[in-house]
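Listed here are the chains, written in short residue letters.
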Amino acid sequence: MGNKQSTDAARRSHAMDRLLAEIRACRLCEKHLPLGPRPVLQASTTSRLLIVSQAPGRKVHETGIPFNDPSGDRLRDWLGIDKPTFYDADRVAIVPMGFCFPGTSKGGDLPPRPECAPAWHPRLLPLLKQVRLTLLIGQYAQAGMLGVPRGTRLTDTVQGWREYLAYDRLPLPHPSPRNRLWLKRNPWFETELLPVLRERVTAALADTG
Ligand code: SF4
(Lines give C-alpha, C1' and ligand atoms only; values in the text may rest on other atoms or scores of the structure.)
Protein backbone atom coordinates (compact mmCIF):
# COMPACT_ATOMS: atom_id res chain seq x y z
CA MET A 1 0.00 0.00 0.00
CA GLY A 2 1.43 3.43 -0.99
CA ASN A 3 1.74 6.36 1.42
CA LYS A 4 -1.32 8.16 0.04
CA GLN A 5 -3.45 5.00 0.16
CA SER A 6 -2.47 4.26 3.75
CA THR A 7 -3.17 7.90 4.76
CA ASP A 8 -6.61 7.72 3.12
CA ALA A 9 -7.32 4.39 4.85
CA ALA A 10 -6.29 5.84 8.25
CA ARG A 11 -8.45 8.92 7.66
CA ARG A 12 -11.48 6.76 6.78
CA SER A 13 -10.89 4.56 9.80
CA HIS A 14 -10.85 7.63 12.14
CA ALA A 15 -13.98 8.96 10.44
CA MET A 16 -15.67 5.59 11.03
CA ASP A 17 -14.68 5.52 14.71
CA ARG A 18 -16.06 9.03 15.20
CA LEU A 19 -19.27 8.24 13.34
CA LEU A 20 -19.89 5.00 15.29
CA ALA A 21 -19.44 6.93 18.55
CA GLU A 22 -21.93 9.53 17.32
CA ILE A 23 -24.44 6.84 16.33
CA ARG A 24 -24.09 5.08 19.69
CA ALA A 25 -25.00 8.35 21.40
CA CYS A 26 -28.02 8.98 19.14
CA ARG A 27 -31.34 9.82 20.78
CA LEU A 28 -33.08 11.16 17.69
CA CYS A 29 -36.27 9.10 17.99
CA GLU A 30 -36.04 8.18 21.66
CA LYS A 31 -39.63 9.25 22.40
CA HIS A 32 -40.84 6.43 20.12
CA LEU A 33 -38.62 3.70 21.61
CA PRO A 34 -40.29 1.76 24.45
CA LEU A 35 -36.98 0.50 25.85
CA GLY A 36 -34.98 3.62 24.97
CA PRO A 37 -32.14 4.03 22.49
CA ARG A 38 -29.54 1.30 22.16
CA PRO A 39 -28.14 1.32 18.64
CA VAL A 40 -26.90 -2.14 17.63
CA LEU A 41 -24.63 -2.32 14.60
CA GLN A 42 -21.09 -3.20 13.60
CA ALA A 43 -18.95 -1.81 10.79
CA SER A 44 -15.38 -1.17 9.81
CA THR A 45 -13.82 0.50 6.79
CA THR A 46 -12.38 -2.92 5.85
CA SER A 47 -15.71 -4.86 6.00
CA ARG A 48 -16.07 -7.07 2.90
CA LEU A 49 -19.63 -8.28 3.48
CA LEU A 50 -22.45 -5.85 4.31
CA ILE A 51 -25.65 -7.16 5.89
CA VAL A 52 -28.50 -4.65 5.83
CA SER A 53 -31.19 -5.99 8.12
CA GLN A 54 -34.41 -4.71 9.64
CA ALA A 55 -34.07 -3.64 13.30
CA PRO A 56 -32.95 -5.35 16.51
CA GLY A 57 -35.48 -7.49 18.37
CA ARG A 58 -35.91 -7.39 22.13
CA LYS A 59 -33.24 -10.05 22.82
CA VAL A 60 -30.71 -8.23 20.66
CA HIS A 61 -31.58 -4.99 22.45
CA GLU A 62 -30.90 -6.65 25.79
CA THR A 63 -27.50 -8.05 24.80
CA GLY A 64 -26.40 -5.34 22.37
CA ILE A 65 -25.15 -8.10 20.03
CA PRO A 66 -26.67 -8.23 16.52
CA PHE A 67 -28.30 -11.49 15.46
CA ASN A 68 -27.59 -13.03 18.84
CA ASP A 69 -30.72 -15.16 18.57
CA PRO A 70 -32.18 -18.12 16.62
CA SER A 71 -32.48 -15.86 13.52
CA GLY A 72 -28.74 -15.25 13.73
CA ASP A 73 -28.02 -18.98 13.98
CA ARG A 74 -30.04 -19.58 10.84
CA LEU A 75 -28.44 -16.64 9.03
CA ARG A 76 -24.92 -17.89 9.82
CA ASP A 77 -25.95 -21.30 8.52
CA TRP A 78 -27.21 -19.70 5.28
CA LEU A 79 -23.95 -17.79 4.88
CA GLY A 80 -21.77 -20.77 5.81
CA ILE A 81 -19.75 -18.76 8.36
CA ASP A 82 -19.05 -19.22 12.05
CA LYS A 83 -19.62 -16.74 14.90
CA PRO A 84 -16.03 -15.42 15.10
CA THR A 85 -16.18 -14.52 11.39
CA PHE A 86 -19.70 -13.11 11.63
CA TYR A 87 -18.80 -10.84 14.55
CA ASP A 88 -15.53 -9.64 13.06
CA ALA A 89 -16.45 -6.11 11.95
CA ASP A 90 -13.25 -5.93 9.91
CA ARG A 91 -14.88 -8.54 7.67
CA VAL A 92 -18.63 -8.26 8.21
CA ALA A 93 -20.65 -5.04 8.63
CA ILE A 94 -24.16 -5.36 10.08
CA VAL A 95 -26.16 -2.20 9.45
CA PRO A 96 -29.92 -2.40 10.05
CA MET A 97 -32.51 -0.01 8.60
CA GLY A 98 -33.24 0.97 12.22
CA PHE A 99 -30.45 0.64 14.80
CA CYS A 100 -32.64 0.47 17.94
CA PHE A 101 -35.40 -1.92 19.01
CA PRO A 102 -38.62 -0.23 17.82
CA GLY A 103 -41.03 -2.10 20.10
CA THR A 104 -43.76 -4.58 19.32
CA SER A 105 -47.37 -4.61 18.24
CA LYS A 106 -49.84 -7.48 18.05
CA GLY A 107 -48.32 -8.86 14.86
CA GLY A 108 -44.72 -8.87 16.14
CA ASP A 109 -41.93 -6.29 16.10
CA LEU A 110 -42.73 -2.84 14.76
CA PRO A 111 -41.00 -1.62 11.58
CA PRO A 112 -37.59 0.04 11.87
CA ARG A 113 -37.89 3.69 12.92
CA PRO A 114 -38.22 5.75 9.73
CA GLU A 115 -35.85 8.46 11.03
CA CYS A 116 -32.88 6.13 11.37
CA ALA A 117 -31.67 5.10 7.90
CA PRO A 118 -32.09 8.62 6.40
CA ALA A 119 -30.17 10.11 9.33
CA TRP A 120 -27.22 7.70 9.33
CA HIS A 121 -26.91 5.58 6.18
CA PRO A 122 -25.80 8.44 3.91
CA ARG A 123 -22.89 9.06 6.28
CA LEU A 124 -22.06 5.45 7.11
CA LEU A 125 -22.37 3.58 3.83
CA PRO A 126 -19.85 5.72 1.88
CA LEU A 127 -17.19 4.71 4.42
CA LEU A 128 -17.72 1.03 3.52
CA LYS A 129 -15.62 1.15 0.38
CA GLN A 130 -14.30 -2.42 0.59
CA VAL A 131 -17.69 -4.14 0.52
CA ARG A 132 -17.84 -6.85 -2.15
CA LEU A 133 -21.32 -8.20 -1.45
CA THR A 134 -24.41 -6.62 0.16
CA LEU A 135 -27.24 -8.72 1.59
CA LEU A 136 -30.65 -7.08 1.95
CA ILE A 137 -32.68 -8.87 4.58
CA GLY A 138 -36.43 -8.29 4.55
CA GLN A 139 -38.75 -5.83 2.86
CA TYR A 140 -37.53 -2.66 4.56
CA ALA A 141 -33.93 -3.20 3.49
CA GLN A 142 -35.07 -4.17 -0.01
CA ALA A 143 -37.24 -1.06 -0.33
CA GLY A 144 -34.54 1.22 1.10
CA MET A 145 -31.52 -0.17 -0.72
CA LEU A 146 -32.88 -1.75 -3.91
CA GLY A 147 -35.73 0.67 -4.53
CA VAL A 148 -38.28 -2.15 -4.52
CA PRO A 149 -41.73 -0.47 -4.66
CA ARG A 150 -43.93 -0.70 -1.59
CA GLY A 151 -46.38 -3.55 -1.76
CA THR A 152 -44.05 -5.83 -3.76
CA ARG A 153 -44.19 -9.35 -2.39
CA LEU A 154 -40.95 -10.38 -0.71
CA THR A 155 -41.13 -13.68 -2.62
CA ASP A 156 -41.11 -11.81 -5.94
CA THR A 157 -38.12 -9.70 -4.92
CA VAL A 158 -36.10 -12.67 -3.66
CA GLN A 159 -37.02 -14.69 -6.75
CA GLY A 160 -35.36 -11.98 -8.85
CA TRP A 161 -32.05 -12.54 -6.99
CA ARG A 162 -29.98 -13.27 -10.10
CA GLU A 163 -30.71 -9.80 -11.47
CA TYR A 164 -29.56 -8.10 -8.24
CA LEU A 165 -26.51 -10.33 -7.89
CA ALA A 166 -25.16 -8.81 -11.10
CA TYR A 167 -24.74 -5.66 -8.95
CA ASP A 168 -23.26 -7.60 -5.98
CA ARG A 169 -26.52 -7.32 -4.07
CA LEU A 170 -28.73 -10.11 -2.87
CA PRO A 171 -32.24 -9.87 -1.36
CA LEU A 172 -33.01 -12.44 1.33
CA PRO A 173 -36.02 -13.26 3.51
CA HIS A 174 -35.66 -12.71 7.23
CA PRO A 175 -34.04 -15.80 8.79
CA SER A 176 -36.58 -15.77 11.63
CA PRO A 177 -37.91 -19.19 12.69
CA ARG A 178 -41.33 -17.62 11.95
CA ASN A 179 -40.44 -17.87 8.24
CA ARG A 180 -40.19 -21.66 8.30
CA LEU A 181 -43.37 -21.95 6.25
CA TRP A 182 -42.01 -19.54 3.61
CA LEU A 183 -38.89 -21.69 3.27
CA LYS A 184 -41.01 -24.80 2.89
CA ARG A 185 -43.12 -23.18 0.18
CA ASN A 186 -40.09 -21.90 -1.71
CA PRO A 187 -37.67 -24.83 -1.94
CA TRP A 188 -35.70 -23.07 -4.72
CA PHE A 189 -34.33 -20.77 -2.01
CA GLU A 190 -32.36 -23.61 -0.42
CA THR A 191 -31.53 -25.54 -3.57
CA GLU A 192 -30.66 -22.67 -5.94
CA LEU A 193 -29.98 -19.48 -4.01
CA LEU A 194 -28.18 -20.74 -0.88
CA PRO A 195 -25.30 -22.52 -2.68
CA VAL A 196 -24.61 -19.34 -4.68
CA LEU A 197 -24.92 -17.21 -1.56
CA ARG A 198 -22.33 -19.33 0.28
CA GLU A 199 -19.98 -19.24 -2.66
CA ARG A 200 -20.24 -15.45 -2.98
CA VAL A 201 -19.83 -14.88 0.77
CA THR A 202 -16.67 -17.03 0.82
CA ALA A 203 -15.28 -15.14 -2.17
CA ALA A 204 -16.14 -11.72 -0.69
CA LEU A 205 -14.45 -12.51 2.63
CA ALA A 206 -11.38 -13.95 0.89
CA ASP A 207 -10.97 -10.88 -1.32
CA THR A 208 -8.48 -8.78 0.61
CA GLY A 209 -7.17 -6.91 -2.40
S1 SF4 B 1 -33.37 4.16 16.04
FE2 SF4 B 1 -31.74 5.27 14.94
S3 SF4 B 1 -32.46 7.40 14.90
FE4 SF4 B 1 -33.62 6.36 16.53
S5 SF4 B 1 -32.42 6.70 18.44
FE6 SF4 B 1 -31.77 4.73 17.55
S7 SF4 B 1 -29.97 5.26 16.32
FE8 SF4 B 1 -31.08 7.18 16.67
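See above for the structure.
A brief report on the enclosed structure follows. (Residues numbered from 1 in each chain as written. Predicted model: local features only at pLDDT ≥ 70, side-chain atom pairs only at ≥ 80, totals over all residues. Heavy atoms only, no water.)

1. Description of the overall build of the protein chain
Rules: Every helix listed is a DSSP run of H or I at least four residues long, and every strand listed is a run of E at least two residues long, numbered separately from the N terminus. The atom set for the radius of gyration is the C-alpha atoms, and the globule formula is 2.2 Å times the number of residues raised to the power 0.38. In what follows, a contact means two residues having at least one pair of non-hydrogen atoms within 4.5 Å. Values of accessible area rely on a 1.4 Å probe in the Shrake-Rupley scheme; residue burial ignores everything except the protein chains shown. Under the counting rule used here, the positive set is Lys and Arg, the negative set is Asp and Glu, and His together with the chain ends is not counted. For this purpose, a charge sits on NZ of Lys, CZ of Arg, CG of Asp or CD of Glu.
Secondary structure assignment for the protein chain yields 10 helices and six strands. Here the C-alpha atoms of the protein chain give a radius of gyration of 17 Å, agreeing with the 17 Å that 2.2 N^0.38 yields for 209 residues. Pairs at least 24 apart in sequence give 73% of the contacts found in the protein chain among residues at least 6 apart. As presented, the protein chain carries roughly 10,800 Å² of accessible surface, and 51% of it is formed by carbon and sulfur atoms. Charged side chains of the protein chain number 30 positive and 20 negative; the gap between the two group centres comes to 4 Å.

2. Some remarks on the sheet that holds strand β1 (residues 49-52)
Hydrogen bonds between backbone atoms are what pair the strands of a sheet, whose relative direction is either parallel or antiparallel. Operational definition: Two strands pair if DSSP finds at least two bridges between them. Simply put, an axis is a line fit to the C-alpha atoms, just over the touching stretch for a helix, and the angle between two N-to-C directions goes from 0 to 180 degrees.
If you trace the four strands from one edge of the open sheet to the other, you get β2-β1-β5-β6, paired in parallel fashion. Across the chains shown, the open sheet's two edge strands, defined by having one partner strand only, are β2 (92-94) and β6 (169-172). Pairwise comparison of adjacent strand axes, ignoring direction, gives a mean angle of 15 degrees for this sheet.

3. Quick look at the nonpolar core
Spelled out, the test is: In these notes, a set of buried Ala, Val, Leu, Ile, Met, Phe, Trp, Tyr and Cys residues joined through side-chain atoms within 4.5 Å is what counts as a nonpolar core. To sort residues, take the accessible area from a 1.4 Å probe on protein chains only and compare it with the maximum for the residue type: under 20% means buried, over 50% means exposed, and anything in between is partly exposed.
One finds Leu49, Ile51, Leu79, Leu135, Phe189, Leu193 and Leu197 to be the most contacted residues of the largest nonpolar core, which totals 29 residues. If you tally residues by element for this core, the top one is helix α10 (residues 188-206), at eight residues. The contacts of Phe189, once residues within four sequence positions are left out, are Trp78, Val158, Leu172, Pro173, Trp182, Leu183 and Leu194. Core analysis: the next-biggest nonpolar cluster, separate from the first, contains 25 residues, Met97, Trp120, Leu124 and Met145 among them.

4. Digging into the pattern of salt bridges
Formally: Should a side-chain nitrogen of Lys or Arg be within 4 Å of a carboxyl oxygen of Asp or Glu, the pair is scored as a salt bridge.
Across all of its chains, the model carries 11 salt bridges by this definition. Here Arg123 and Glu22 are joined by a salt bridge, their closest N and O atoms 2.9 Å apart. On the criterion of sequence distance, the pair formed by Arg123 in helix α5 (residues 116-124) and Glu22 in helix α1 (residues 3-24) is long-range, its members being 101 residues apart. For Glu22, a relative accessible area of 37% translates into the label partly exposed. Linking Asp73 and Arg76 is a salt bridge whose minimum nitrogen-to-oxygen distance equals 2.9 Å. Linking Asp73 with Arg76, this pair stays in helix α3 (residues 70-79), spanning three residues, or about one helical turn. What emerges from the salt-bridge pattern is a single network uniting Lys4, Asp8 and Arg11.

5. Regarding unusual backbone geometry
Of note, the phi angle at Phe67 is positive, near 55 degrees, even though the residue is not glycine. Checked against the element boundaries, Phe67 lands in the loop between α2 (58-63) and α3. One non-glycine residue with positive phi stands out, namely Asp168, at about 60 degrees. Relative to the elements of secondary structure, Asp168 occurs in the loop between α8 (161-165) and β6.

6. Here's the deal with the pairing of β1
Side chains Leu49 and Ile51 project from β1 onto one buried face, and the interleaved Leu50 and Val52 project onto a second face that is buried too. Both β1 and β2 contribute to a ladder of three bridges, which runs parallel. The residue of β2 that forms the bridge with Leu49 is Val92. The sheet contact formed by β1 and strand β5 (residues 133-137) spans four bridges and is parallel. Residue pairing for β5: Ile51 is matched across the bridge by Leu135.

7. Things to note about the environment of Leu194
Mapped onto the elements of the fold, Leu194 is located in helix α10. On the basis of relative accessibility, which here comes to 4%, the residue Leu194 falls in the buried class. Not counting the four nearest positions on each side in its chain, Leu194 is found in contact with Trp78 and Phe189.

8. Quick notes on the packing of α1 against α5
We apply this condition: If an angle is under 35 degrees, it is roughly parallel; if it is over 145, roughly antiparallel; if it lies from 65 to 115, roughly perpendicular; otherwise it is oblique. Gly falls in the polar group here, along with every residue not listed as nonpolar (Ala, Val, Leu, Ile, Met, Phe, Trp, Tyr, Cys, Pro) or charged (Asp, Glu, Lys, Arg).
Here α1 crosses α5 at 170 degrees, and the two axes come no closer than 11 Å. By the angle class used here, α1 and α5 are roughly antiparallel. Note on element contacts: α5 touches α1 through Trp120, Arg123 and Leu124, opposite Met16, Leu19, Glu22 and Ile23. Taken together, the residues that form the contact of α1 with α5 break down as five nonpolar, no polar and two charged.

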